[in-house]
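Breakdown of the fold
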Amino acid sequence: MLGKTHIINSLALASIPLAFETKVDTEYILILLLIGLGSILPDIDEPSSMIGRKMKFLSYPINIFFGHRTITHNLVLFAISGIFCYLNDYTFLLALNIGILLHILQDSITYQGITNELFPFQRLNYNFVLLPRILRFKVGGLTEYLILILSGIFLLIVLFIQLGI
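Some points on the nonpolar core
- Residues Leu11, Ala14, Leu18, Ile31, Leu32, Leu34, Ile35, Ala95, Leu96, Leu102 and Val158 constitute the largest nonpolar core, which totals eleven residues.
- When near neighbours in sequence (up to four residues on either side) are disregarded, Ile35 contacts Ser10, Ala14, Ala95, Ile98, Gly99 and Leu102.
- With six residues, the next largest nonpolar core counts Leu75, Phe78, Ile100 and Ile104 among its residues.

Shown next as structure tokens:
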């Protein structure tokens, strides 16, 4: 998925509780911002990505040594770190981790899937996908833009609910 879709879709998913709450505090807003950051963080392994362009000093070495959608898209690593953050009440690190996990799950519904999501504990060239090929979509394609638009509309609805409009 494209960076903007990762951010908007992750924020839409994370704001579902806001549709039922009447009050938003600054802590929840910070949590949403961290989820948004986490939702683009795994693409630091791609120099042309939204975050890779800003952090080329990290992006290029990670890409050269590991490639795209490998070590930074490791489902097991981030699931374990999420459990650790939850058990130790590291709320803000957990929010960042949730964004990363949402990113991984979103990438797993594209045609490409995630190469070696259990890297380095599996055979090479295995793609992790959540949906059958017929239900997956092309990165930057029409389906992705539809997801982006629907997620954006949902975020606007939540905003209107929060503002009492």
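Further notes follow.
Some remarks on the packing of helix H1 (residues 3-14) against helix H2 (residues 26-38)
- Between H1 and H2, the least distance of the axes is 9 Å, while the angle of their chain directions is 145°. In the packing of H1 onto H2, the handedness of the crossing is right-handed. On H2, the residues touching Ile7, Ser10, Leu11 and Ala14 of H1 are Tyr28, Leu32, Ile35 and Gly36.
- Of the residues that constitute the contact of H1 with H2, the class distribution is six nonpolar, two polar and no charged.

Some details on the environment of Lys56
- Tracing the chain through its elements places Lys56 in helix H4 (residues 56-66).
- Separated by eleven residues in the primary sequence, Lys56 and Asp45 have C-alpha atoms spaced 9.3 Å apart.
- Once residues within four sequence positions are removed from consideration, Lys56 is found in contact with Pro47 and Pro61.

Structural notes on the environment of Glu27
- Relative to the helices and strands, Glu27 resides in helix H2.
- Glu27 sits in the partly exposed class, given a relative accessible area of 39%.
- Distance in space between the C-alpha atoms of Glu27 and Phe92 is 9.1 Å, their sequence separation being 65 residues.
- Ignoring any residue separated from it by four or fewer positions in sequence, one finds Glu27 in contact with Thr91 and Phe92.

Points about unusual backbone geometry
- Positive phi outside glycine occurs at Arg69, with the angle close to 60°.
- Mapped onto the elements of the fold, Arg69 is located in the loop between H4 and helix H5 (75-87).
- On the basis of relative accessible area, Arg69 is assigned to the buried category, the value being 3%.
- Even without a glycine there, the phi angle at Asp89 is positive, about 55°.
- Mapped onto the elements, Asp89 comes out in the loop between H5 and helix H6 (91-107).

Rules of the game
Each chain carries its own residue numbering, running from 1 in the direction its sequence is written. The model is predicted, so local features are restricted to residues of pLDDT at least 70 and side-chain atom pairs to those at 80 or more, both for listing and for counting; the totals for chains, interfaces and linings are taken over all residues. Computation of side-chain values covers all heavy atoms of the structure but excludes hydrogens and water. For our purposes a nonpolar core is just a set of buried Ala, Val, Leu, Ile, Met, Phe, Trp, Tyr and Cys residues, chained together by side-chain atoms within 4.5 Å. Here the term buried applies to any residue with accessible area under 20% of the maximum for its type, exposed to any over 50%, and partly exposed to those in between, with areas from a 1.4 Å probe on protein chains only. Whether two residues touch is decided by their heavy atoms; if any such pair falls within 4.5 Å, the residues are in contact. Axis angles are defined between N-to-C directions and span 0 to 180 degrees, where every axis is a line fitted to C-alpha atoms and, for a helix, only to the segment in contact. Numbering of helices and strands runs from the N terminus; a helix is a DSSP stretch of H or I covering at least four residues, while a strand is a stretch of E covering at least two. Each helix crossing is assigned a hand: it is left-handed if the near helix lies turned anticlockwise from the far helix by less than a right angle, otherwise right-handed if that turn is clockwise. Side-chain classes are defined by residue name, with Ala, Val, Leu, Ile, Met, Phe, Trp, Tyr, Cys and Pro counting as nonpolar, Asp, Glu, Lys and Arg as charged, and the others, Gly among them, as polar.

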